[in-house]
Amino acid sequence: MPLRTSARRAAALLPLLVAYDLTLRPWMSFWGSTPEERRETLPGDEIAAEVMTHCTKAVTIDAPPERVWPWLVQIGDRRAGFYSHDRVERFVFPGTVHYVEGTHSATRIHAELQDVHLGDHIDTGSFGRFSFGNPVTVLEPNRALVVGTWAFVLRPLPGGRTRLLVRERDGGYLRPMVPRRFALARAALGVVDYVVGDPLHFVMERRMMLGLKERGERPRDEVPLERAAA
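Because the structure is a prediction, the values reported are computed rather than measured.

Turning next to the overall build of the chain. Helix and strand counts for the chain stand at five helices and eight strands. Along the chain, helices and strands appear, N-terminal first, in the series α-α-β-α-α-β-β-β-β-β-β-α-β. Residues counted as buried form 39% of the 230 residues belonging to the chain. Taking the contacts inside the chain whose residues are at least 6 apart along the sequence as the reference set, 64% of them involve residues at least 24 apart. Carbon and sulfur atoms form 62% of the exposed surface of the chain, whose accessible area is close to 13,000 Å².

Next comes the structure, spelled out in structure tokens:
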């Protein structure tokens, strides 16, 4: 009887998983982007990685790239944060997220966080002496920032606007942490990434993009500049 019950439950879930894979997941992976934007080559595409397929998201910002770049270049743990759902970050990853302004992502442009170079590490989280992040692999001021293979591209549009493109590899979140020799564990974590990790990441990344949009669109005279201590 338990076996039959499990089979019935699996059969009931199958249509939901198919619908998720055919509709919701593609929408999350390519939110806001056009078919042309998904196909075009962007900075960072040439970097070799285990997974070479791309997910591209996009949003239009009513401000020129020069206004968006200072907010973008200061992202990271123990930096400006990621302009996302800060409370969710702290709840899901307790003790691993830190913001230069204390308990929330930056609301100011910080002069001491603007000096970023190729090879510098931008962390997504840290715990004590351990950090999780990647080096800056592409740095083109006012145009492109690539952290590992996570690419942020600012494309100027007519009327002083910007098209923000965010591209990343569809490699999972937990699965890559396990060595390849543990195939069963990697497969199990791949399922968790697929069902839980992808939706959570989408919610957080979408909010991050909208957070960049909101900050970039603020009038220049309303954006405080936090200067580095002398």
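Before going further, it helps to spend a moment on the packing of aromatic side chains. In this structure the tally under the stated criterion is four aromatic pairs. Following the ring pairs from residue to residue traces out a cluster consisting of Phe82, Trp150 and Phe152.

This part takes up the sheet that holds strand 5 (residues 144-147). A sheet is described by the order of its strands in space; here six strands give the open sequence 1-7-6-5-4-3, paired in antiparallel fashion. If you trace the sheet from one side to the other, it starts and ends with strand 1 (54-61) and strand 3 (121-127), each paired once. Taken over all neighbouring pairs, the strand axes of this sheet differ in orientation by 20° on average, direction set aside. Two elements, strand 1 and strand 7 (residues 161-169), share eight bridges in a ladder whose sense is antiparallel. By the bridge assignment for strand 7, Lys57 is matched with Val166.

Over the atoms a probe the size of a water molecule is rolled, and this reveals where empty space is left. For the structure on display, the rule yields two cavities of 30 Å³ or more. When its volume is computed, the second largest cavity comes out at roughly 30 Å³. The residue inventory of the lining of the second largest cavity, partitioned by class, reads two nonpolar, three polar and three charged.

Attention now goes to unusual backbone geometry. For Tyr83, which is not a glycine, the phi torsion comes out positive at approximately 55°. Here Tyr83 lies in the loop between helix 3 (65-72) and helix 4 (86-92). Of note in this structure, Asn142 is not a glycine but carries a positive phi near 65°. By secondary structure assignment, the location of Asn142 is in the loop between strand 4 (130-140) and strand 5.

Parameters at a glance
Residues numbered from 1 in each chain as written. Predicted model: local features only at pLDDT ≥ 70, side-chain atom pairs only at ≥ 80, totals over all residues. Heavy atoms only, no water. Helix = DSSP H or I, 4+ residues; strand = E, 2+ residues; numbered from the N terminus. Buried < 20%, exposed > 50% of the residue type's maximum accessible area, 1.4 Å probe, protein only. Contact = heavy atoms within 4.5 Å. Areas by Shrake-Rupley, 256 points an atom, 1.4 Å probe, with all protein chains shown as cover. Phe/Tyr/Trp six-rings, centres within 6.5 Å; stacked < 30°, edge-to-face > 60°. Pairing = 2+ DSSP bridges. Axes fitted to C-alpha atoms, helices over the stretch in contact; angles between N-to-C directions. 1 Å grid on protein atoms, 1.4 Å probe; cavity = no way out; pocket = protein on both sides within 12 Å on 5 of 7 lines; lining within 4 Å. Points joined across faces, edges and corners; volume = space filled by probe spheres on them. Nonpolar A, V, L, I, M, F, W, Y, C, P; charged D, E, K, R; others polar.

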